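# A closer look at the structure
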Amino acid sequence: MAGFEKPKPLKAALKMALFGAAGSGKTFTALLVSEGLAQHTGKRVAYIDTEFGTAFYGQTVPQRKVHPERFDFDVLHTKSITEVLSALKQLDQDRHGVLVIDSISHLWDSCKNAYTGRMTRAGSVPLPAWSVIKRPYKELMNWILSSPVHVLICGRQGNDFAEDQDSGELKNLGYKMRAEGETAYEPDLLLRLEAHKADRKKPAVVMANVEKDRTGILAGQSIPWPTFDNVALPLLGLLGTTQTPVPSDDEVGQQDAEALARQETERVARSAELAAQYTACFGLATGVAELERMAKELTPQVKGGLSGKDLARVRNAYAARLGQLKAEDAASHGGNGRAGGPVPNGAA
């Protein structure tokens, strides 16, 4: 049985996500951070490029003011969630210590586009179908959270709308990563990037707004020109040496189902045993007073341990024995005794 214990480092790899509008610097920032992480681990970067947007960064561009030299990484071009899962299952973690997914938005689209079942009359996906649609995506997220590889998830920016309770109109509450709704809750660090242009005469500055930081080190900050040194490096000292695997929803569901089945089997057995004990005791009662005393032991708490079937069995045994005892009493008094009578509340 699991018990409470003092907290300890359970993660050996950084899991971070960044999202923003077009031109906010997602790919370039991911490359800068992943390059530093690769140097820190002594391993290579595996880059899943769904946007086919890394080609220029694999080349030396002298005119590029920041990082004109080529980035060194291995790339997989695909928008297919199944191809990504297959590649990750074969990933050599002795060779690759950093993974970039750019963008997760396309992989979520891939999950939805793979659905070929019936649609509702309104043209939407039926609610029961979503569990099937989400299955490969959840498998991907489970791999990301469980692997001892640093992971950067890039996502496109979407608007977060909600219905106003007074007017009934949709209101824009802000921005969110365009992906499956739970995605932003998974990483340890969540950055929203924006190209901030304070001066028309100067180039825009890439700004990383820290929307979530489980470490608390960067929480609430807005970081200009996010890089490995000011985003990832401050957090690495809090990591442990072993990445604890995160059980999948299916694994937890199976575990709970088995545990609940065992508990139900044990409950049924205890109920049957308790019912057998009381019916046996009722059968040994030598008089009505003794029987009623036994019945008073059937408190609400005791009854709570009996199934409906077993409680009825106990009540029937009580009523039958009560009838026998009263009949015997009537016979012993020459027919002047009273047979039958109501079942006391203690056994009801």
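Nothing here was measured: the structure is a model prediction, and the numbers come from that model.

### Examining the overall build of the protein chain
- Counting secondary structure elements, the protein chain contains 9 helices and 9 strands.
- Taking 20 Å as the expected radius of gyration for a compact globule of 348 residues, we find that the protein chain reaches 33 Å, considerably beyond that expectation.
- The principal-axis extent of the C-alpha atoms belonging to the protein chain is close to 120 × 50 × 40 Å.
- Taking contacts inside the protein chain between residues at least 6 apart in sequence as the whole, the part at least 24 apart equals 66%.
- On the protein chain, roughly 20500 Å² of surface is accessible, and the fraction owed to carbon and sulfur atoms is 54%.

### Quick word on the packing of helix α7 (residues 288-296) against helix α9 (residues 308-332)
- Two elements in contact, α7 and α9, have axes separated by 10 Å at closest approach and are oriented at 165 degrees. If you check the angle between α7 and α9, you find them roughly antiparallel. Crossing handedness for the pair α7 and α9: left-handed. Residue-level inspection shows Val 288, Leu 291, Glu 292 and Ala 295 of α7 in contact with α9, the latter providing Tyr 318, Arg 321, Leu 322, Leu 325 and Lys 326.

### Topic: helix α4 (residues 130-146)
- Taking 1.5 Å per residue as the helical rise, α4 with its 17 residues ought to reach 24 Å, and the 23 Å between its terminal C-alpha atoms agrees with that figure.
- Pro 136 marks the point of greatest bend in α4, at about 35 degrees.
- When we look at burial in α4, the residues that qualify are Ile 133, Tyr 137, Leu 140, Met 141, Trp 143, Ile 144, Leu 145 and Ser 146.
- Buried positions along α4 lie against β1 (15-20), α2 (81-89), β4 (96-102), α3 (104-113) and β5 (150-163).

### Topic: the packing of aromatic side chains
- Counted by the stated rule, this structure contains 8 aromatic pairs.
- Ring geometry for Trp 108 and Trp 130: centres 6.2 Å apart, planes at 25 degrees, overall stacked. Note that Trp 108 is positioned in helix α3 and Trp 130 in helix α4, a separation of 22 residues in sequence.
- An aromatic cluster is present here, built from Phe 28, Tyr 57 and Phe 71 joined pairwise through their rings.

### What to know about the nonpolar core
- Grouped together as the largest cluster of nonpolar side chains are 30 residues, with contacts concentrated most on Met 16, Leu 37, Val 100, Leu 152, Leu 189 and Leu 191.
- For this core, the secondary-structure elements that each account for two or more residues are β1, α1 (26-41), β2 (44-49), β4, β5, β7 (189-196), β8 (205-213) and α5 (228-236).
- Among the elements that take part in this core, α1 stands out by supplying 7 residues, more than any other.
- Core analysis: the next-biggest nonpolar cluster, separate from the first, contains 29 residues, Val 84, Leu 140, Trp 143 and Ile 144 among them.

### Topic: the environment of Gln 59
- Of note, Gln 59 is situated in the loop between β2 and β3 (74-77).
- Separated by 160 residues in the primary sequence, Gln 59 and Ala 219 have C-alpha atoms spaced 35 Å apart.
- Residue contacts for Gln 59: discarding those within four places in its chain leaves Arg 64, Pro 68, Glu 69 and Arg 70.

### A closer look at α5
- Here α5 has its buried residues at Phe 228, Val 231, Ala 232, Leu 235 and Leu 236. The buried residues of α5 all sit within an arc of 115 degrees when viewed along its axis, so they share a single face.
- Contacts made by the buried residues of α5 are with β1, α1, β5, β7, β8 and β9 (222-224).
- By the N-cap criterion, in which a side-chain oxygen at the helix start approaches the backbone nitrogen of a residue two or three places on, α5 is capped by Thr 227, the distance to Asp 229 being 3.3 Å.

### Some details on unusual backbone geometry
- The peptide bond linking Asp 102 to Ser 103 adopts the cis configuration, its omega dihedral lying at 10 degrees.
- With phi around 50 degrees, Phe 52 is a residue other than glycine that occupies positive phi space.
- With respect to the element layout, Phe 52 can be found in the loop between β2 and β3.
- Not every positive phi belongs to a glycine, and His 67 is a case in point at roughly 55 degrees.
- When you line up the elements, His 67 lands in the loop between β2 and β3.
- According to the relative accessible area criterion, His 67 is buried, its value standing at 11%.

### Here we look at the confidence of the model for the protein chain
- For the protein chain, per-residue confidence averages 90 on the pLDDT scale, and residues scoring 70 or more make up 95% of the total.
- When pLDDT is averaged over each helix and strand of the protein chain, the minimum, 81, is found for strand β6 (residues 170-177) and the maximum, 98, for β2.

What counts, and at which threshold
- Per chain, residues are indexed from 1 in the order of the written sequence.
- Reporting of local features is limited, given that this is a predicted model, to residues whose pLDDT is at least 70; pairs of side-chain atoms are given and counted only at 80 or more, and all residues count toward the totals for whole chains, interfaces and linings.
- Note that water and hydrogens are dropped before the side-chain values are worked out from all heavy atoms of the structure.
- By the criteria applied, helices consist of DSSP H or I runs no shorter than four residues and strands consist of E runs no shorter than two, each listed in order from the N terminus.
- For this measure, only C-alpha atoms enter the radius of gyration; the expected value for a globule follows 2.2 Å times N^0.38, where N is the number of residues.
- Contacts are assigned to residue pairs with any non-hydrogen atoms lying within 4.5 Å of each other.
- In these tables, accessible area is a Shrake-Rupley quantity obtained with a 1.4 Å probe, and a residue counts as shielded only by the protein chains included in the view.
- Here, axes are lines fitted to C-alpha atoms. For helices the fit covers the stretch in contact, and angles between N-to-C directions go from 0 to 180 degrees.
- Convention used here: angles under 35 degrees read as roughly parallel, angles over 145 as roughly antiparallel, angles from 65 to 115 as roughly perpendicular, and any remaining angle as oblique.
- The hand of a helix crossing depends on one turn: near helix anticlockwise from the far one by less than a right angle means left-handed, and clockwise means right-handed.
- An expected span of 1.5 Å times one less than the residue number is assigned to each helix.
- Note that the bend at a residue is defined as the angle between axes fitted to the seven residues ending at it and the seven residues starting at it.
- In this scheme, a residue with accessible area under 20% of its type's maximum is buried, one over 50% is exposed, and one in between is partly exposed, where area comes from a 1.4 Å probe on protein chains only.
- Each aromatic pair joins two rings of Phe, Tyr and Trp (for Trp, the six-membered one) with centres within 6.5 Å, and gets the label stacked for planes under 30 degrees apart, edge-to-face for over 60, and tilted for any other angle.
- By nonpolar core is meant a set of buried Ala, Val, Leu, Ile, Met, Phe, Trp, Tyr and Cys residues that side-chain atoms within 4.5 Å join together.
- In this description, the arc belongs to the directions extending from the helix axis to the C-beta atoms.
- For the purposes of these results, a polar contact is taken to be a pair of N or O atoms within 3.5 Å, where, inside protein, one atom must be able to donate a hydrogen and its partner to accept one; residues adjacent in sequence count only when each atom of the pair is a side-chain atom.
- Confidence of the predictor in every single residue is expressed as pLDDT, which spans 0 to 100.

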